[in-house]
Amino acid sequence: MRVLSGMRPTGKLHLGHYFGVIKNWVKLQEEHETFYMVADWHALTTGYKKVDEIPQNIEDMLIDWLTLGIDPKKSVVFQQSKVKEHAELFLIFSMITPKSWLEWNPTYKDTKYNLLRIADLSLMFKGGLRDHIKTFVAKLPYKVEDFDALEELLLDTISDALITALFEGYLDKEMFKELNVSKRDFYDTDTYGFLGYPVLQAVDILIYKAQAAPVGEDQLPHIELSREIARRFNHLYGEIFPEPQAMLTETPRLPGTDGRKMSKSYNNAIYFADSEEEVKKKVMSFYTDPQKLRKGDPGRPEICPVFFYHKVFSPSERTQEIERECKSGRLGCVDCKKIMLEGLEAFLKPIREKREQVAKDRELLIHILEEGSEKARQIAKETMEEVRLKTRVG
Ligand code: TRP
């Protein structure tokens, strides 16, 4: 079976990426014909203002893919924007995709809602800041040509900086939860391209006639849309595309250091590129059962993120012992974290060493992506020939 999946190049990968996605990708390449794509055009849909970071993010992500076991001999590892045929099919699909299919997409609806909240948030910041800035500008010992313009400039810059600070984790994190916003929504996503995000994703899958796409639950509506677009195309112009199935990965979500889902935007992630020191610091700062204030208090392992890690990284007998000792109160959180760190490091250390090796050979990384993209292009080209014949254009 042909299988395709992709990931937006957001940079270095963390533990959550591995247990949620990559581990499964590695397994699939043993059983299927696998295509793994760096979705760099997709990165533009939310990050078109920050393009300077893209090349480095691609490199960092690719290093982690290879380190974690994605094998270019077994899988076609390629870069979306190197296969221009995606853009052509995206155009064709845009013609036949009803707008309502996209507007009802949950990701789009959520983002729209969050955008409104961001607008509120920036107004709030601006409201509080205006007076301070007025006073500040009035006191300036320099000759100011245009007071109003300077005030506006400062106001915009500072409120942007505050919003960024919030997203980067310098301001109280509670605010995030209260406002229910995410960093991603900070970037202007009120665009045609963002609305069309799932159409581009349908192209990624269908242009290779992949029968399945391994994805997380949040992507299910996108796969469903790919099926609908395939069906509509086939109905209008004749059978070309198989309807792809989603392959759900059933791994429990790995919590981050604060107990929430591990995510770059929450600033709670442990990266494969982190040094031993950094990992230690993160582990020691882990959130634990808030009712267990000191050694001696009985803990609740079932709600503790540290215990979740024991289940994954510590030997099972040890884990059982820790469960008992935590519940009885004999084991304190600091000691518990130290034991967890041992297990985690046993897993991370060899990966860290391999990562260093992989990162050294930049030429090879570039070569892998070029070769993979060339293979992908051959298939995409064939599909496009068929599409052009059927649609009578191109
Ligand atoms: N949208 C996916 C995500 O954010 C990434 C992606 C792009 C993808 N194209 C794809 C996943 C094709 C599966 C198939 O995770």
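Numbers given to residues run from 1 along each chain, matching the order in which its sequence is written. Whole-chain, interface and lining totals are the exception, using all residues; otherwise, since this is a predicted model, local features are given only for residues with pLDDT of at least 70 and side-chain atom pairs are given and counted only at 80 or more. Values reported for side chains reflect all heavy atoms of the structure, with hydrogen atoms and water molecules removed beforehand.

This paragraph deals with the overall build of the protein chain. By definition, any uninterrupted DSSP run of H or I lasting at least four residues is a helix, any uninterrupted run of E lasting at least two residues is a strand, and each is numbered from the N terminus. What the protein chain contains, in helices and strands, is 17 helices and 5 strands. Principal axes of the C-alpha set define a box for the protein chain whose edges measure 75 × 70 × 40 Å. Three labels apply to residues, based on accessible area from a 1.4 Å probe with only protein chains included: buried if under 20% of the type maximum, exposed if over 50%, partly exposed otherwise in between. Here the protein chain holds 394 residues, and 46% of them are scored as buried. Contacts spanning at least 24 positions in sequence make up 77% of the contacts within the protein chain whose residues lie at least 6 apart. Of the roughly 20800 Å² of accessible surface on the protein chain, a fraction of 54% belongs to carbon and sulfur atoms. Within the protein chain, one finds 58 positive and 63 negative side-chain charges whose respective centroids are separated by 2 Å. The contact criterion used is simple: two residues touch if any of their non-hydrogen atoms lie within 4.5 Å. Areas reported here follow the Shrake-Rupley algorithm with a probe of radius 1.4 Å; residue values treat only the protein chains shown as occluding. When charges are counted, neither His nor the chain ends are considered; positive counts come from Lys and Arg and negative counts from Asp and Glu. All charge positions are set by atom: Lys at NZ, Arg at CZ, Asp at CG, Glu at CD.

So, about the pattern of salt bridges. Any Lys or Arg side-chain nitrogen located within 4 Å of an Asp or Glu carboxyl oxygen qualifies as a salt bridge. Throughout the structure, instances matching the rule amount to 23 salt bridges. In this structure, R377 and E374 form a salt bridge, with 2.3 Å as the shortest nitrogen-oxygen distance. On the criterion of helical spacing, the pair formed by R377 and E374 is a turn pair, its members being 3 residues apart in helix 17 (residues 362-391). A relative accessible area of 21% places R377 in the partly exposed class. For E374, a relative accessible area of 34% translates into the label partly exposed. For the salt bridge of E385 with R388, the shortest nitrogen-to-oxygen distance reads 3.9 Å. Here the residue E385 and the residue R388 both occupy positions in helix 17, the gap between them amounting to 3 residues, near one helical turn.

The next point concerns the site of the ligand. In this text, near means that some heavy atom of the residue lies within 4 Å of the molecule or strand in question. As a structural note, the neighbourhood of the ligand is formed by 13 residues, with G6, Y197, Q201, D204 and Q219 the closest of them. As used in this structure description, the phrase polar contact means that two N or O atoms lie within 3.5 Å; if the pair is within protein, one of them must be able to donate a hydrogen and the other to accept it, and residues adjacent in sequence are counted only when both atoms belong to side chains. At 2.7 Å, a side-chain N or O of D204 approaches a nitrogen atom of the ligand. For the ligand, whose accessible area on its own is 360 Å², the fraction buried by protein is 91%. Per-element accounting of the shell around the ligand gives the leading share, 4 residues, to helix 11 (residues 197-206). Residue polarity is assigned by list, with Asp, Glu, Lys and Arg as charged and Ala, Val, Leu, Ile, Met, Phe, Trp, Tyr, Cys and Pro as nonpolar; anything else, Gly included, falls into the polar class. Looking at side-chain class alone, the shell around the ligand contains 6 nonpolar, 5 polar and 2 charged residues.

With respect to burial, strand 3 (residues 75-79) is a largely interior element, 5 of its 5 residues being buried. Here strand 3 shows no split at all, with S75, V77 and Q79 on one side and V76 and F78 on the other all buried. Strands were regarded as paired on the criterion that DSSP finds at least two bridges between them. Bridge analysis of strand 2 (residues 33-38) against strand 3 gives 5 bridges, and the strand direction is parallel. If you follow M37 over to strand 3, its bridge partner there is F78.

Even without glycine at this site, K209 takes up a positive phi of about 50 degrees. In this structure, K209 sits in the loop between helix 11 and strand 4 (212-215). According to the relative accessible area criterion, K209 is partly exposed, its value standing at 25%. Positioned with a positive phi, N267 is a non-glycine residue whose angle comes to about 60 degrees. Structurally, N267 can be placed in the loop between strand 5 (245-248) and helix 13 (276-284).

Attention shifts here to helix 12 (residues 220-237). The α-helix advances 3.6 residues per turn, and as a result positions three or four apart in sequence lie on the same side. Given a helix with a known number of residues, its expected span is that number minus one, times 1.5 Å. Between its first and last C-alpha, helix 12 extends 26 Å over 18 residues, near the 26 Å set by a 1.5 Å rise per residue. At the exit of helix 12 stands G238, carrying a positive phi of roughly 115 degrees.

A word on the domain arrangement of the protein chain. Either an automatic procedure or a domain database provided the assignment from which the domain bounds are taken. Domain annotation for the protein chain reports domain 1 (2-100 + 204-253 + 362-391), domain 2 (118-180) and domain 3 (264-359). Its C-alpha centre places domain 1 at a distance of 40 Å from the equivalent point of domain 2.

Glancing now at a nonpolar patch on the surface. Together, L44, Y48 and V51 give the surface a local cluster of nonpolar side chains, amounting to about 220 Å² of exposed area. When you line up the elements, L44 lands in helix 2 (residues 40-47). Since its relative accessible area comes to 31%, L44 is described here as partly exposed. Here, patches come from residues exposed beyond 30% relative accessible area and free of salt bridges, joined within 9 Å for like charges and within 5 Å for nonpolar side chains (Val, Leu, Ile, Met, Phe, Trp, Tyr).

Time to look at the nonpolar core. If you look at soluble globular proteins, the nonpolar side chains tend to sit buried side by side. What we call a nonpolar core is a set of buried Ala, Val, Leu, Ile, Met, Phe, Trp, Tyr and Cys residues that are connected through their side-chain atoms within 4.5 Å. In terms of nonpolar packing, the biggest core is built from 49 residues, with L15, I22, W65 and L344 touching the most fellow members. Split by domain, this core shows at least three residues from each of two domains, domain 1 (2-100 + 204-253 + 362-391) and domain 3 (264-359). In contact with W65, not counting residues within four places along its chain, are M7, L13, I22, W25, Y36, M37, V38, I70 and V77. Counting residues in hydrophobic clusters, the runner-up holds 36 residues, among them Y108, V203, L206 and F241.

With that settled, consider the side chain of H42. Tracing the chain through its elements places H42 in helix 2. Residue class for H42 comes out buried when judged on its relative accessible area of 2%. From its side chain, H42 meets the backbone nitrogen of Q201 in a polar contact 3.5 Å long.

Among the structural elements, V76 can be located in strand 3. Sequence spacing of V76 and F35 is 41 residues, and the spatial spacing of their C-alpha atoms is 4.7 Å. Setting aside its immediate chain neighbours within four residues, V76 contacts T34, F35, Y36, G372, K375 and A376.

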